[in-house]
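Here are the chains, one letter per residue:
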Amino acid sequence: MNSSQEPIPQLFKSALSGERRSLGKLLTIIERGGETADTVAGLAHQKAGSAHVVGVTGAPGSGKSTLTGRLIDLFSKTGYKTAVLAVDPSSPLTGGAILGDRIRMDDLAGEDCFIRSMATRGHSGGLALAVPAAIQIFDAVGYNPVIIETVGVGQVEVDVAGTADTTVVVVTPGMGDAVQANKAGLLEVADIFVVNKADRPGANDARRDLELMLDLGHVSGLEEKTGYRPPIIMANSLEGTGSEETLKAIKGHAEHLKKSGSIKIRQKQRILMEIQNRIEILIGSNAKEVLETDLGIANIEAVLNRVISPAEAAKLIVNSILND
Ligand SMILES: Nc1nc2c(ncn2[C@@H]2O[C@H](COP(=O)(O)OP(=O)(O)OP(=O)(O)O)[C@@H](O)[C@H]2O)c(=O)[nH]1
Ligand SMILES: [Mg+2]
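Let us look at the structure shown here.

Here is what the cut-offs are and how they apply
- Residues numbered from 1 in each chain as written.
- Chains lettered and ligands numbered in written order.
- Predicted model: local features only at pLDDT ≥ 70, side-chain atom pairs only at ≥ 80, totals over all residues.
- Heavy atoms only, no water.
- Buried < 20%, exposed > 50% of the residue type's maximum accessible area, 1.4 Å probe, protein only.
- Helix = DSSP H or I, 4+ residues; strand = E, 2+ residues; numbered from the N terminus.
- Pairing = 2+ DSSP bridges.
- Expected span 1.5 Å × (residues − 1).
- Axes fitted to C-alpha atoms, helices over the stretch in contact; angles between N-to-C directions.
- Parallel < 35°, antiparallel > 145°, perpendicular 65-115°, else oblique.
- Contact = heavy atoms within 4.5 Å.
- Nonpolar A, V, L, I, M, F, W, Y, C, P; charged D, E, K, R; others polar.

This part is about the pairing of strand β1 (residues 53-58). Burial analysis of β1 places 6 of its 6 residues in the buried class, the great majority of the element. Covered by surrounding structure in β1 are Val53, Gly55 and Thr57 together with Val54, Val56 and Gly58, the residues of both alternating faces. Bridge count between β1 and strand β4 (residues 146-151): 6 bridges; the pairing is parallel. Directly across from threonine 57, in β4, lies its bridge partner threonine 150.

Below, the structure written as C-alpha cells:
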C-alpha cells in the first residue's frame, strides 16, 4: 500500500483522466522508490511512448527555469500540455533556489502544464530510477513535451540530459562559460545552444566561442553522420526574446530526429541506460545479503584461508548468481 492508502491502479486511472492530485501522489511514490514505485513505473511504461523529452541543462543560475517558463507559455499557446521535472541538485548551496524556481515557473503556468521538482535526497541511484519513471508517468497521462531541467554539474545530470530526445544547453556571457560547459561534457550532449542573458556584455564572445568549438568538432561525430549542426540562439529570457526561436529549434530538432531515424536510437539509449542503472542498483543492494548466504559464507572462508583472492570471490559469487 502507498501512503495515501489508495490502490495504485485507481490512482493511475484518475491521473489518466486528468486528475492532478493523483498525478502528484504517483510522483511522490516514484520519488520514494522501492517496489511500489516499480509498480507505478510499470503501469506508466505500458501507456508511454509519445512524449518528446527535452533536457534543459546548464550552470547554476544560467536562467534554465526562466527560459523553461517561457517555453511552457509558448507550447501552451500552440496547444501543447507541457510537464516540467526540475531535478534539484542535492547541494544545500543551491537548494534555496528551488522555491524561487517554482514560483517563477508557476507564474507562467496554467492548467495545461504540470511542474514538479524532484530532489536527489543524497542518493544518486534514487535519481537514476526516479527521473525515467517520472518521464513515463507524464508521458502516459498525456503531457507532451516533457521538459527535464538539470544543473549540468555532475555525471548523473549529464546522463539525464544526454538521454533526452532534444538537449538544450544554456550558457551565459562571461567567465568562459562556454569553455566550462565544454569541460563538463555538456557540449557533446547539446542539440541546441542558448546563450542566455544576452543582454549582458560578452554575449557575442560566448557565441563565437561556441561556434569555434563546433567548428573544431568538440561536439560528438553526430554532425557528420547526420548533417545536423546545433543552432546557437541568443536569448534574454527575462524579456522573452529568443524563446520563440528556441521553440522552433526544438521542433526542428524533433523533426530531424524523426526523418533521420535517430529518434529510435535515442529512445533505445534511454531504455538501455535505465536497465543498466537498475541492474547496478539491484546487484549493489543485494551484495550484503548475498554474503550471508551459504554461497557467500563459503567464499569468505576460502578468502580467509587464502585459497582465493577477494576479487576471485566476488567474481565467483556474481557468476553463480547470474547463472542461477
Ligand atoms: N539579465 C538577465 N537575467 C536573467 C535572464 N534569464 C534569467 N535571469 C535571471 O537569472 C537568475 C537565475 O535564473 P533562473 O531561471 O532561476 O536560473 P536557473 O538556471 O534555473 O537556476 P538554478 O535552477 O538555480 O540552477 C534570476 O534572477 C533570473 O531572473 C536573462 O536573460 N537576462
Ligand atoms: Mg532552475
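What follows is about helix α13 (residues 243-260). Given a rise of 1.5 Å per residue, 18 residues ought to cover 26 Å, and the 25 Å separating the end C-alpha atoms of α13 matches this to within 8%. Along α13, the residues that are buried comprise Ser243, Thr246, Leu247, Ala249, Ile250, His253, Ala254, His256 and Leu257. Two residues or fewer past α13, glycine 261 is found with a positive phi of approximately 85°.

Turning to the packing of α13 against helix α14 (residues 262-291), a few remarks are in order. Two elements in contact, α13 and α14, have axes whose closest approach is 5 Å; the angle formed by their N-to-C orientations is 95°. As judged from the angle between their axes, α13 and α14 are roughly perpendicular. Judged by residue contacts, His253, Leu257, Lys258 and Ser260 of α13 engage Ser262, Ile263 and Arg266 from α14. Residue composition of the contact of α13 with α14, grouped by class: 2 nonpolar, 3 polar and 2 charged.

In this section: the pairing of β4. Counted residue by residue, β4 has 6 buried out of 6 residues, so it is predominantly covered. Side chains of β4 alternate between two faces, with Val146, Ile148 and Thr150 and Ile147, Glu149 and Val151 buried alike. In this structure, strand β2 (residues 82-88) lies alongside β4, joined through 5 bridges in parallel fashion. What sits directly across from valine 87, in β4, is threonine 150.

Turning our eyes to something else, we now look at the sheet that holds strand β6 (residues 192-195). Strand order in this open sheet of 7 strands is β3-β2-β4-β1-β5-β6-β7, and the pairing throughout is parallel. The sheet terminates laterally at β3 (113-119) and β7 (232-234), the two strands that pair on one side only. When strand polarity is set aside, the average angle formed by the axes of neighbouring strands in this sheet is 20°. Bridge count for strand β5 (residues 166-171) against β6 is 4 bridges, and the pairing is parallel. Among the inter-strand pairings, valine 169 is bridged to a residue of β6, identified as phenylalanine 193. In the packing of α13 onto the sheet, contacts are made with β1, β5, β6 and β7, and the angle to β5 comes to roughly 145°.

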